[in-house]
Amino acid sequence: MKKLFTLSLAAAICTSISAETIKTFKIEKDGIPGQTEPELIGLGLSRNGNYICGSITSGMGFFIADCITGDVKYHVTEYDEGAELRHVDNNGLAIGYEEDGIVYSFDTGEFTPLVAPEGIKYILGEDLTGNGSMYVGSFAGGAYSTQAVYSKDKVNWVTLPMPTEEQLGNYKGRVRNESAAKFVSDDGKVILGNIGGFAVPVLWVMNDNGEYEVDFFPARLVKLTEEDIADDSKMLYAISGMYTSLSSNGRYVVMIGIASEEGLNQALGVPIVYDTTTKEIKIYDEAQEIDELGIGLYPGAIADDGTFIGTVGQPFYASTGAFIMKKGETQAESYLTAFPEFFEKLGECDVNGSNVVIGISADATKMAGYVFYSEDFYDDSPAYYLTYLIDTSSDNAVNEIPTLKNASSIYSIDGTSLRSLAKGINIVRNADGTVSKILKR
């Protein structure tokens, strides 16, 4: 039996005009019957930055949070192996799994299964376009082997091709005949995934006939010189297909690769951005001031202009904080300097390596992640997971003039629906989809 709960989540919002706010999402103690400390772990941010989806700690279920109102809807699973939502579209429709693949609607609070064809165990839902018109994921077959697939009608699924032996090059024989689709562009023309069980990232790009072809960029390793880029014998070795992301417009892919350091018998993990339009590869192998230990920058998400975010070192393993690499820059900036309010509220999580970035909006103004938070990391203070949103959008400022223009809905700062402007800060969702904050004295 499905259990549906709706809460208003605490969203911390500056009351003065500000270029940045931090919103945090947490289910209060005893919010879920039978669970003493249910916590939200964000896994996906919508392209417009208005929704976050993910899982409840220890696989107890899944959730979608409205980043504007603070409302959250979630489902408590009865499936022993847990459940989660991987990505969410601009209207609050999310895709993921609960035993079988599912899609879950924020508006209705209901989910529907992704029906697998005969001979397939289940479909693992991974991503969907911004308007929810196309899904990508993978078929799970025998021994948990997977095949990358997509669907444009939510019923019929098409398998994506594997690279040819020529495309595999030096990878031939190194990867298993497996694949998975992880990301899809807003127009559905570019799909990012991996082959060989997360071993190698791979792109599928739609041709003029509407068919997907493999664009196999990881077959070349760029090491030390520009000349290596054109040398097919120099492989672009991705550490893992896990550390990849696709921009919403399908232009940029960010991944992590190995670059040998000149004069040293060692290698450094560096972010690599591939431009699907120009076929150019940009390697961020310049020494990073924020990476004092030389553990590398691990990318987590990329925006439409090429701005990307990630962690210094592998998240939750050996990371020393999160970073943002802004468009056109070659030096990354730490969250602690780029986002002063984040530093004030959650900075200790960052320096303790307990910050995992999960998404950036298409316009690079909103960034989401989750932290393992404690009042004091050095004693036995209560600790829990916490999902956050950094909002640097221009509509983040509070308008002190209490006027309304085509408002479709009004909310108080705690997410309560209002009929008209109340004293204090009002969150107004306009008819055109934009959001503003109005202060009525």
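See above for the structure.
Note that this is a predicted model, so its numbers are computed, not measured. Along every chain, residues carry numbers that run from 1 in the direction the sequence is written. Since the coordinates come from a predicted model, pLDDT governs what is reported: local features require at least 70, and pairs of side-chain atoms require 80 or more to be given and counted, while whole-chain, interface and lining totals use all residues. Processing note: side-chain calculations cover all non-hydrogen atoms of the structure and skip hydrogens and water entirely.

Side note on the overall build of the protein
Here is step 1 of the chain: Scanning the protein from terminus to terminus reveals 3 helices and 34 strands.
Here is step 2 of the chain: By the convention used here, residues are in contact when the closest approach between their heavy atoms is within 4.5 Å. Restricting to contacts in the protein with at least 6 residues of sequence separation, those with at least 24 account for 47%.
Here is step 3 of the chain: Using the Shrake-Rupley algorithm and a 1.4 Å probe, accessible areas are obtained, with residue cover drawn only from the displayed protein chains. In the form shown here, the protein has an accessible surface area of approximately 19700 Å², with 48% of it arising from carbon and sulfur atoms. Only DSSP runs of H or I covering at least 4 residues are called helices, and only runs of E covering at least 2 are called strands; the numbering of each starts at the N terminus.

What about the pairing of strand 3 (residues 40-45)?
Here is step 1 of the chain: Among the 6 residues of strand 3, 5 are classified as buried, and the element is accordingly described as predominantly covered.
Here is step 2 of the chain: When DSSP finds two or more bridges between two strands, those strands count as paired. The sheet contact formed by strand 3 and strand 4 (residues 51-56) spans 5 bridges and is antiparallel. By the bridge assignment for strand 4, G44 is matched with C53.
Here is step 3 of the chain: Joining the antiparallel neighbours strand 3 and strand 4 is a turn of 5 residues, in which G49 adopts a positive phi near 75°. Accessibility here uses a 1.4 Å probe with only protein chains present; expressed as a share of the type maximum, an area under 20% marks a residue as buried, one over 50% as exposed, and anything in between as partly exposed.

Observations concerning unusual backbone geometry
Here is step 1 of the chain: We note that E99 has phi near 70°; this positive angle belongs to a residue other than glycine.
Here is step 2 of the chain: Locating E99 in the fold gives a position in the loop between strand 8 (93-98) and strand 9 (100-105).
Here is step 3 of the chain: In this structure, K154 takes a positive phi of about 70° despite not being glycine.
Here is step 4 of the chain: Its place among the elements puts K154 in the loop between strand 13 (146-151) and strand 14 (158-159).
Here is step 5 of the chain: Under the relative-accessibility criterion, K154 is labelled partly exposed at 44%.

Here's the deal with the sheet that holds strand 7 (residues 83-88)
Here is step 1 of the chain: A sheet is described by the order of its strands in space; here 4 strands give the open sequence 7-8-9-10, paired in antiparallel fashion. Edge positions in the sheet fall to strand 7 and strand 10 (111-113), since each has one partner strand and no second. Here the strands of the sheet are splayed against their neighbours by 30° on average, with no regard to which way each runs.
Here is step 2 of the chain: With 6 bridges joining them, strand 8 and strand 9 adopt antiparallel strand pairing. Counted as the bridge partner of A94 is Y104 from strand 9. In this analysis, axes come from line fits to C-alpha atoms, helices being fitted only over the stretch in contact, and the angle between any two N-to-C directions falls in the range 0 to 180 degrees.

Re the packing of aromatic side chains
Here is step 1 of the chain: Planes of paired rings set the category: under 30 degrees apart is stacked, over 60 is edge-to-face and the rest tilted, where pairs are Phe, Tyr or Trp rings (Trp by its six-membered ring) whose centres lie within 6.5 Å. For the structure shown, the criterion picks out 13 aromatic pairs.
Here is step 2 of the chain: Judged by centre distance (5.9 Å) and plane angle (80°), the rings of F62 and F111 are edge-to-face. Here the residue F62 occupies a position in strand 5 (residues 61-66), and F111 occupies one in strand 10, the gap between them amounting to 49 residues. Here F62 and F111 have matching classes, each one buried.
Here is step 3 of the chain: Aromatic ring contacts, followed pair by pair, group Y335, F339, F342 and Y388 into a single cluster.
Here is step 4 of the chain: Here the guanidinium or amino end of K73 rests over the ring plane of F106, the centre of that ring lying 5.1 Å away.
Here is step 5 of the chain: Ring-over charges, as used throughout, are those where CZ of Arg or NZ of Lys falls within 6 Å of the ring centre and within 35 degrees of the ring normal. Its end group placed over the ring of Y284, K282 keeps NZ or CZ at 5.3 Å from the ring centre.

Details of the sheet that holds strand 23 (residues 297-302)
Here is step 1 of the chain: In space, the 4 strands of this open sheet follow the order 23-24-25-26, with antiparallel pairing throughout. Edge positions in the open sheet fall to strand 23 and strand 26 (333-334), since each of these has one partner strand only.
Here is step 2 of the chain: Sheet topology places strand 25 (residues 322-325) next to strand 26; 2 bridges connect them, and they run antiparallel. Within strand 26, the position partnered with F323 by the bridge is S334.

What to know about the environment of T365
Here is step 1 of the chain: Residue placement: T365 occurs in the loop between strand 27 (355-360) and strand 28 (366-374).
Here is step 2 of the chain: As a C-alpha pair, T365 and I390 span 25 residues in sequence and 8.1 Å in three-dimensional space.
Here is step 3 of the chain: Leave out the neighbours within four places in its chain, and T365 touches I390, D391, T392 and S393.
Here is step 4 of the chain: Any pair of N or O atoms that falls within 3.5 Å is considered a polar contact. Within protein, one atom must be able to donate a hydrogen and the other to accept it, and sequence-neighbouring residues count only if both atoms are side-chain atoms. Side-chain polar atoms of T365 contact the side chain of D363, separated by 2.8 Å.

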